[in-house]
Amino acid sequence: MLYASAFSTYGSNQVLTFNLDGDNILINEFKMGELDEDGIPVDRNSIYTDLTYLNGVIHEALGQLEIKNRKAYRVYFDLADQPEIRALKGFRKPGTTGVGFTSDDLSEVEFPSLTLTYNCYAWTDDLRNSYAYGDCLDFRISTANLSWIEFTTPLLVEGTYNVWFCTRRAVPETSTNIRASFKQTGEEDQIMNVVNLYNDIGSGLTGGVPDDDKLLQENKKSYTTSPTFQVFNTFHGSLLGTIRVSSTGRHILRMDALNTPRSTHFDILQFIQVDEDQVWPKVAGDGTWVYKNTPGYEIYPYTAECDD
């Protein structure tokens, strides 16, 4: 159960999620943006924990598990936040670079060959390392080798979402074309747009800063709070498409390569309800959500001075 992140229940659209926090297992902990629900710990030392029964095992929880009717809410999914990567001593610590993982190593990522590389850099205000949490997954999604990849999503509440793929622009200056699809058990796959991961956002700048309306018309956006032009032009989100989540749970987001480019640096996926703001909140270097008009001295790495 340590690496199993969610299980369905007999309750309609109800699941149990599990997060490993150090040596503690927390049930139904939801902490993302404005959603702040503490998890219920599993008592791993109880005589009633890990008892084998005909249909599985039982565990003792140190609290009351309640059925909740949750509204659809935005999810910012850090692709490097995988159970096995999270277990690294150097997880999200600058200098942890070049750690390779095969598909057999990861319980919630599937791909046909080669390895994914986990890198965590010192967060910088330049075009190199402005990733959320300072980390990313590096790999080459290409028809020549790693032709597809599938991620198990975090818990998504029933609703309709735009899916944004936020990444460092592919290099060199060649097209990096992918197509995404959303997979739910028992339903037809939802096929999304063809997206070129190389495209910059230079045409979406007004006065050297992102023009949100212009970018959205081009199915692009700026998602980082870094104030420099280079980052605006290098780290950006591309609209993969719109999906309908018909049942609350964890599903599959698949990406298929359509050509043979160089490596791509994958940062986060955003699932945002179609009737909500698609740009704000943005993501600071430490992963916190930053709302519009937040003063610079409140945004990591706190480069702006406080006004008197």
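Residues numbered from 1 in each chain as written. Predicted model: local features only at pLDDT ≥ 70, side-chain atom pairs only at ≥ 80, totals over all residues. Heavy atoms only, no water.

Enquirer: So what exactly am I meant to see when it comes to a nonpolar patch on the surface here?
Expert: Nonpolar side chains collect at one region of the surface, where I47, Y48, L51, Y53 and I58 lie side by side and expose about 510 Å² of accessible area between them. Inspection of the secondary structure assignment puts Y53 in strand β7 (residues 51–53). (Patch = residues over 30% accessible without salt bridge, like charges linked within 9 Å, V, L, I, M, F, W, Y side chains within 5 Å. Areas by Shrake-Rupley, 256 points an atom, 1.4 Å probe, with all protein chains shown as cover. Salt bridge = Lys/Arg side-chain N within 4 Å of Asp/Glu carboxyl O. Helix = DSSP H or I, 4+ residues; strand = E, 2+ residues; numbered from the N terminus.)

Enquirer: For this particular structure, what's the right way to read the sheet that holds strand β22 (residues 252–257)?
Expert: Backbone-to-backbone hydrogen bonds join strands into a sheet, with any given pair of strands oriented parallel or antiparallel. Across the sheet, which stays open at both edges, the 5 strands sit in the order β11-β14-β22-β16-β17 with antiparallel pairing between neighbours. The open sheet has two edge strands, β11 (109–110) and β17 (190–196), and neither has a second partner. Pairing analysis gives 6 bridges linking strand β16 (residues 177–183) to β22, with the strands arranged antiparallel. Bridging from a neighbouring strand, F182 pairs with L253 of β22. (Pairing = 2+ DSSP bridges.)

Enquirer: Looking at this structure, I do not really get the nonpolar core. What am I missing?
Expert: If you look at the biggest cluster of nonpolar residues, it comprises 43 residues, and the most contacted ones within it are L137, I149, L240, M255, F266 and L269. Aside from chain neighbours lying at most four places away, what touches I149 is V109, E110, F111, L116, F139, I141, L253, R254 and M255. Ranked by size, the runner-up nonpolar core spans 13 residues in total, among them A132, C136, Y223 and I272. (Core = buried A, V, L, I, M, F, W, Y, C linked by side-chain atoms within 4.5 Å. Buried < 20%, exposed > 50% of the residue type's maximum accessible area, 1.4 Å probe, protein only. Contact = heavy atoms within 4.5 Å.)

Enquirer: Would you explain the pattern of salt bridges in this entry?
Expert: Side chains that carry opposite charge are capable of pairing whenever their charged atoms lie near each other. Counted by the stated rule, this structure contains 12 salt bridges. Taking the shortest distance from any N to any O, the salt bridge between D81 and R86 comes out at 2.7 Å. The class for D81 is partly exposed, based on a relative accessible area of 24%. When its relative accessible area of 31% is taken as the criterion, R86 is described as partly exposed. Among the ionic pairs, E150 bridges to R254, the shortest N-O distance being 2.9 Å. Taken together, the positions of E150 in strand β14 (residues 148–152) and R254 in strand β22 put the pair 104 residues apart, joining distant regions of the chain.

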